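One letter stands for each residue in the lines below.
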Amino acid sequence: MKLFSFILSVVVFFVALYYFIEELPQLHTFNDVIYITLLGILMAICITGVFINSDIFVKKRNSRIILFVSNNFSRKNKKQ
């Protein structure tokens, strides 16, 4: 599921970037400014999705921690 989300974020980012570049020289009305702003917000959301899902490419270390605790109070006394 994380791989699907990662791929989807990358694809949507590049599609939004394409439309952002295509519409940037044609800013004539306030509606165009709103459209470009929404594309910028969509690209920021996609970048966040890529950062969140990029941990699938990092090798996970073995996170087992073995903790040895020695305590003088809990030792059994040997009878002599």
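Residues numbered from 1 in each chain as written. Predicted model: local features only at pLDDT ≥ 70, side-chain atom pairs only at ≥ 80, totals over all residues. Heavy atoms only, no water.

Draft legend 1. Just the packing of aromatic side chains, in detail. Under the definition given, this model contains 2 aromatic pairs. Ring centres 5.4 Å apart and planes at 75 degrees place the aromatic pair Phe13 and Phe14 in the edge-to-face group. Between the aromatic rings of Tyr18 and Tyr19, the centroid separation amounts to 5.3 Å while the plane-to-plane angle is 70 degrees, which identifies the pairing as edge-to-face. Owing to a relative accessible area of 40%, Tyr19 belongs among the partly exposed residues under this scheme. (Phe/Tyr/Trp six-rings, centres within 6.5 Å; stacked < 30°, edge-to-face > 60°. Buried < 20%, exposed > 50% of the residue type's maximum accessible area, 1.4 Å probe, protein only.)

Draft legend 2. The arrangement of helix α2 (residues 30-53) in detail. The end-to-end C-alpha distance of α2, which contains 24 residues, comes to 35 Å, matching closely the 34 Å that a straight helix rising 1.5 Å per residue would cover. Looking at α2, one finds that the buried residues are Ile36, Leu39, Met43, Cys46, Gly49 and Asn53. Buried positions along α2 lie against α1 (2-23). (Helix = DSSP H or I, 4+ residues; strand = E, 2+ residues; numbered from the N terminus. Expected span 1.5 Å × (residues − 1). Contact = heavy atoms within 4.5 Å.)

Draft legend 3. Main features of the environment of Ile21. Positionally, Ile21 belongs in helix α1. On a C-alpha basis, the gap between Ile21 and Ile36 in space is 9.3 Å, while along the polypeptide they are 15 residues apart.

Draft legend 4. Representation of the side chain of Ser9 within the structure. Structurally, Ser9 is set in helix α1. With near-sequence residues (within four places) excluded, Ser9 lies in contact with Cys46, Gly49 and Val50.

Draft legend 5. Quick peek at the pattern of salt bridges. Applying the stated criterion to the full structure yields 1 salt bridge. Put simply, Asp55 and Lys2 hold a salt bridge, and the shortest N to O gap is 3.3 Å. With Asp55 in the segment after α2 and Lys2 in helix α1, this residue pair connects regions lying 53 residues apart in the sequence. On the basis of relative accessibility, which here comes to 31%, the residue Asp55 falls in the partly exposed class. (Salt bridge = Lys/Arg side-chain N within 4 Å of Asp/Glu carboxyl O.)

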